[in-house]
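Structural description and commentary
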Amino acid sequence: MSSITELLTRCRFPARGSHVSCGLSGGPDSSALVALAVTAGLHVTAWHVNHKLRPSADDDETVASGVASRLGADFKVRTVFLESGPHLEERARIARYAALPDDVMVGHTADDRAETVLFNIGRGGGLAGAATQFKFISRPLLGLRREETHAVCAQLDLEVVSDPMNTDETFSRVAIRTQVIPALARALGRDPVPLINRHADLASEAYDALKELAKQIDPASTAELLAVPKAVASEALRSWISTSTASNLGAVSAASIDRVLAVAAGRWVATEVTGGYRVSRRSGRLCISGIA
């Protein structure tokens, strides 16, 4: 186990003395985030979102409060209520980030990024999904591995939450973690996580260039979409759909984009897209709306 001081050299925290907000679920990654931020000399406010989705939700809040108190961080709670129904995981994610401060830091590691890359590729997330840039929310621990954040909690003897969903292989992300990545390791004869993160970095460079081109067109204009290369039109639509539906960029599938391009070309009247929305065409313009 590397020392906490050595781990800090691979974290991306602001200057010592800065005031920061950290998401704290009570799990080992977010608990290690708070611990490392405090050790880095930051003034930390830990934010816990209670979704009330599991019977243990209030107990998780108590554990998170204990972690913050033990580490000397301020602690704040936000409670959100979600109705049952489709897309619960995505809706919970959106509600969670809406409840957190805009400048919140979260404890995602290199392993999380690698799993997200594979998840996005599996969903046909295109170049945006392969890049998995994580630019809109600060993630200072992307230079660390999950085993290292867990070791920090063990070294500090922190009581942390164990989420049963993290071992439930009916969830795609869990199956990627427990089945796909180990299978890749066996096939390649090496740890694939650094390789996947390197691939994401290279895809990110290409994606940045593509985004600049996509910004130059109006994604709701069918004429402009049809006048540019498909890759540029696809990125313009991906950004538009993501912004209009508050969805993650990588979650907007390539299949959804292809269907919208068919609407833009006049082959279809309308189509559904990722997240339960409908895109239609009228007078040479695209519009997006929720499905009743």
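Structural data are supplied above this passage.
What this report covers is the structure whose coordinates are included nearby. Only a predicted model underlies this, so the values are computations on that prediction, with no experimental measurement involved.

Conventions we followed
Residue positions within a chain follow its written sequence, with the count starting from 1. For this predicted model, a pLDDT threshold of at least 70 governs which residues receive local features, and a threshold of 80 or more governs which side-chain atom pairs are given and counted, while totals over whole chains, interfaces and linings are taken from all residues. Hydrogen atoms and water are omitted, and side-chain values are computed over all heavy atoms in the structure. Strand pairing follows a simple DSSP-based rule, namely that at least 2 bridges must link the two strands. Comment: elements are numbered from the N terminus, with helices defined as DSSP H or I runs of at least four residues and strands as E runs of at least two. A fitted line through C-alpha atoms serves as each axis, taken over the contacting stretch for helices, and the angle formed by two N-to-C directions is quoted from 0 to 180°. The criterion used for residue contact is that any of the two residues' heavy atoms lie within 4.5 Å. Multiplying one less than the number of residues by 1.5 Å gives the expected span of a helix. Exposed residues in this analysis have more than 50% of their type's maximum accessible area, buried residues have under 20%, and partly exposed residues fall in between, with area computed by a 1.4 Å probe over protein chains only. Two N or O atoms form a polar contact when they lie within 3.5 Å of each other; inside protein one atom must be a possible hydrogen donor and the other a possible acceptor, and for residues adjacent in sequence the pair counts only when both atoms belong to side chains. By convention in these notes, a salt bridge is any Lys or Arg side-chain nitrogen within 4 Å of a carboxyl oxygen on Asp or Glu. Comment on the angle field: the value is read as roughly parallel under 35 degrees, roughly antiparallel over 145, roughly perpendicular from 65 to 115, and oblique elsewhere.

The 3 strands lie next to each other as β1-β2-β3, forming an open sheet whose pairing is parallel. Unpaired on one side and paired on the other, β1 (19-23) and β3 (74-79) mark the two borders of the sheet. Looking at each pair of strands side by side, their axes are set apart by 25 degrees on average, direction ignored. Here β1 runs beside strand β2 (residues 43-50); their pairing, made up of 5 bridges, is parallel. Across the sheet, the residue bridging to G23 is W47, located in β2. Of the strands in this sheet, β1 and β2 are in contact with helix α2 (residues 28-39), which crosses β1 at around 165 degrees. Contacts between helix α3 (residues 57-71) and the sheet are confined to β2 and β3, with β2 contributing the most and set at about 175 degrees to the helix.

Turning next to helix α9 (residues 192-214). In an α-helix, one turn spans 3.6 residues, which is why side chains three or four residues apart end up on the same side. Helix length check: α9 (23 residues) gives 32 Å between terminal C-alpha atoms against 33 Å at 1.5 Å per residue, within 8%. Three or more residues of α9 are buried, namely P192, V193, I196, N197, A200, A203, S204, Y207, L210 and A214. Summarising the contacts, the buried residues of α9 are in contact with α5 (110-122), α6 (126-131), α8 (172-188) and α11 (230-245). The N-cap residue of α9 is D191: its side-chain oxygen and the backbone nitrogen of V193 are 3.1 Å apart.

Quick look at the pattern of salt bridges now. One pass over the full model with this rule turns up 13 salt bridges. Measuring nitrogen to oxygen at the nearest pair gives 3.0 Å for the salt bridge that ties D258 to K230. On the criterion of sequence distance, the pair formed by D258 in helix α12 (residues 254-264) and K230 in helix α11 is long-range, its members being 28 residues apart. Among the ionic contacts, a cluster of salt bridges with common partners joins D112, E115, R146 and R177.

Excluding glycine, residues mostly carry a negative phi; peptide bonds, for their part, are mostly trans. The residue T132 is not glycine, and still its phi comes out positive at about 40 degrees. Position of T132 among the secondary structure elements: in the loop between α6 and α7 (146-155). Positive phi, normally seen in glycine, also occurs at D157, with a value near 55 degrees. Its location among the elements puts D157 in the loop between α7 and α8. Judged by its relative accessible area of 60%, D157 is exposed.

This paragraph deals with the pairing of strand β4 (residues 270-273). Going residue by residue along β4, you find T271 and V273 tucked away on one face and A270 and E272 left uncovered on the opposite face. Relative to strand β5 (residues 277-282), β4 runs antiparallel, the two being bridged by 4 bridges. Considered in β5, the bridge of V273 is made with Y277. Two successive antiparallel strands, β4 and β5, enclose a turn made up of 3 residues, where G275 displays a positive phi of approximately 95 degrees.

Turning our eyes to something else, we now look at the side chain of H51. As for its position among the elements, H51 is in the loop between β2 and α3. Residue class for H51 comes out buried when judged on its relative accessible area of 14%. Polar side-chain contacts of H51 include one of 3.5 Å to the side chain of R96. Once residues within four sequence positions are removed from consideration, H51 is found in contact with V80, L82, A92 and R96.

At a closest axis distance of 10 Å, the pairing of α11 and α12 adopts a crossing angle of 105 degrees. Put simply, α11 runs roughly perpendicular to α12. Here K230, A233, S234, L237, R238 and I241 of α11 come into contact with α12, specifically with A254, I257, D258, V260 and L261.

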